[in-house]
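# Chains, contacts and geometry: an overview
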Amino acid sequence: MTLVERQAGVGRAASFANGGQLSYRYVAPLAAPGVPRQAIAWALRPGAPISLRPRLDPHQWRWMAGFLRACRKTTHDRGARILLGIALDSQRELTTWRKEGLDEFAWRQPGKLIAYRNGAGFRKALAAIDPDHQRPLDAAECAALEPALTPVAGQLAGGIFAPGDEVADCHAFCTALLDRMASSPRFRTLHGTATLAPGASRRAVLRLDGRPVDAAQIVLAAGLDSRSIAAPLGLRLPLYGLKGYSLTLPANAAAPRISVTDYDRRIVYARLDDRLRLAAMVDIGARDDALDSKRIAQLRAHAKATLPEAGPFETAEPWAGMRPATPDGVPIVCPTSWNNVILNVGHGALGFTLAPGTAAIVRSLLQRF
Ligand SMILES: Cc1cc2nc3c(=O)[nH]c(=O)nc-3n(C[C@H](O)[C@H](O)[C@H](O)COP(=O)(O)OP(=O)(O)OC[C@H]3O[C@@H](n4cnc5c(N)ncnc54)[C@H](O)[C@@H]3O)c2cc1C
């Protein structure tokens, strides 16, 4: 098996400093009924969870049209069911990998609390709760479970706690996985920029920095860049980069111990060993993953207002990444019309959560060849 990687190390693109939540029980796609209306309201408010910059870019408009279609209840519910199935497979798969010795990626199972500020949103979420795996809490119970939320308890309508959810450091996870794979004599890494081109007998030709590389089977899993890599094969992948941001700082005694999602601000908090990671925001129309000082300042201000004792957020390490998103939030994991190409792309906002589950699907596809 050969890993082809453009950067000097693994997990340095969208996986680098993501939210760190392995959010198995809350996997609803971003596209949902009510989101288009809410997005218009958010577009007018600085610091809102979603910002939209329209571009003269047919791909952006096609993707957004697909996103609007995916906001229909039937499409949303179908996506949520598929994602929940992959997420639960993912949790089982990761448990097996950990039992086999995969370690050193700040994994913990503290459970996840989704805290709601808006009463109507909380009541709607309660209607979809799975009582075997999720527990409703009032505001006081939220603060008792996670004392870091005490300063904002008065602003909360309530919360939903999933005790089985986990957290981990995604970049460390990628590195730990690579170390394990590298211990096999049948594994190698090649560094360089991969491209695909049509070859004979409906087989794609893989090139690394222009030089052909022998490959019986190719799994395309290059995040957002998969779109341009697949294009010469005539495969039009509906992937769009949804930019998000994170801050990482040393975790002090006031930092949350469980994983928290501030639902109405769409900010996630996770303690990764001795660091606190918070991540947020969806910018539609960003050209690249460059830091945007205005968005970072907004994130610092939100964090300070929510967890005043857990800072200082001014000196927290900022990061930005592009979520490789499909319109309906469901990753594309399937064979293609090319005999030697399998896709594993489009994990969007849930790539860390879903990765072991989609890897298991790829494994079963490869066994069929
Ligand atoms: C702010 C933010 C917060 C997030 N929080 C969470 C969270 O809490 N939980 C969760 O589950 N998910 C979260 N995500 C989503 C998750 O990070 C992504 O879904 C995931 O990282 C995507 O992984 P990937 O491997 O598909 O892409 P990437 O991580 O981008 O990896 C693609 C790889 O392909 C390589 N590559 C690209 N082009 C080429 C080429 N031509 N040749 C060779 N190599 C190439 C890149 O160098 C890179 O190593 C978050 C994302 C963001 C941005």
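Procedures and definitions
Residues numbered from 1 in each chain as written. Predicted model: local features only at pLDDT ≥ 70, side-chain atom pairs only at ≥ 80, totals over all residues. Heavy atoms only, no water. Pairing = 2+ DSSP bridges. Helix = DSSP H or I, 4+ residues; strand = E, 2+ residues; numbered from the N terminus. Axes fitted to C-alpha atoms, helices over the stretch in contact; angles between N-to-C directions. Salt bridge = Lys/Arg side-chain N within 4 Å of Asp/Glu carboxyl O. Buried < 20%, exposed > 50% of the residue type's maximum accessible area, 1.4 Å probe, protein only. UniProt positions renumbered as here; feature names shortened; annotations may be inferred. Expected span 1.5 Å × (residues − 1). Contact = heavy atoms within 4.5 Å. Near = heavy atom within 4 Å. Areas by Shrake-Rupley, 256 points an atom, 1.4 Å probe, with all protein chains shown as cover. Nonpolar A, V, L, I, M, F, W, Y, C, P; charged D, E, K, R; others polar. Polar contact = N/O pair within 3.5 Å; in protein donor to acceptor, adjacent residues only side chain to side chain.

What follows deals with the sheet that holds strand β10 (residues 204-208). Adjacent strands of a sheet form backbone hydrogen bonds with each other and so pair up, either parallel or antiparallel. Across the sheet, three strands lie side by side as β9-β10-β11; this open sheet has antiparallel pairing. In this open sheet, the two edge strands, each paired with only one partner strand, are β9 (194-198) and β11 (211-213). Each strand of the sheet is rotated relative to its neighbour by a mean of 45°, with strand direction disregarded. Bridge analysis of β10 against β11 gives three bridges, and the strand direction is antiparallel. By the bridge assignment, R207 is partnered in β11 with P212.

Per the stated rule, a full pass over the model turns up nine salt bridges. As a salt-bridge pair, R295 and D283 come within 2.8 Å of each other at their nearest N and O atoms. One end of the pair, R295, is in helix α8 (residues 293-306); the other, D283, is in strand β16 (residues 275-284), with 12 residues separating them in the sequence. The residues R295 and D283 share a single accessibility class, namely buried.

With that settled, the discussion passes to the UniProt feature "domain: FAD dependent oxidoreductase" (unreviewed entry) in the protein chain. In the numbering used here, UniProt assigns the feature "domain: FAD dependent oxidoreductase" (unreviewed entry) to residues 2-362. For the annotated span residues 2-362, helix accounts for 30% and strand for 26% of the residues, and the straight-line distance between the end C-alpha atoms is 15 Å.

Counted at 1.5 Å a residue, the expected span for helix α3 (residues 73-99) with its 27 residues is 39 Å, and the 39 Å between its end C-alpha atoms agrees. For α3, the set of buried residues is H76, G79, L83, I86, A87, S90, Q91, E93, L94 and W97. In the core, the buried residues of α3 are packed alongside β2 (21-22), α2 (58-70), β7 (166-167), α6 (170-182) and α9 (351-368). Of the residues one or two after α3, G101 is the one with positive phi, at around 115°.

Another aspect to go through is the pairing of β16. The buried count for β16 comes to nine of 10 residues, which makes it a mostly enclosed element. Pairing geometry for strand β3 (residues 50-52) and β16, over three bridges, is parallel. Bridge pairing links S51 to D283 in β16. Sheet analysis places strand β13 (residues 240-250) next to β16, joined by eight bridges and oriented antiparallel. Each bridged residue has a counterpart across the sheet, and for P250 the counterpart in β16 is R275.

Before going further, it helps to spend a moment on the site of the ligand. Around the ligand sit 32 residues, and of these E5, S15, Q21, G348 and T353 come closest. Considered on its own, the ligand offers 1,000 Å² of accessible surface; in the complex 91% of this is hidden by protein. Those elements that place two or more of their residues in the shell around the ligand are β1 (2-5), β13, β17 (317-325) and α9. Per element, the largest residue contribution to the shell around the ligand is four residues, and it comes from β17. Partitioned by chemical class, the residues of the shell around the ligand number 13 nonpolar, 15 polar and four charged.

The omega angle of the peptide bond from G311 to P312 is 15°, so this bond is cis rather than trans. Relative to the helices and strands, P312 is located in the loop between α8 and β17. Not every positive phi belongs to a glycine, and A106 is a case in point at roughly 55°.

Residue D283 is classed as buried on the basis of its relative accessible area, which comes to 6%. Once you skip the residues sitting within four places of it in the chain, D283 turns out to touch S51, G241, L242, K243, Y245 and R295. Among the polar contacts made by the side chain of D283, one reaches the side chain of R295 at a distance of 2.8 Å.

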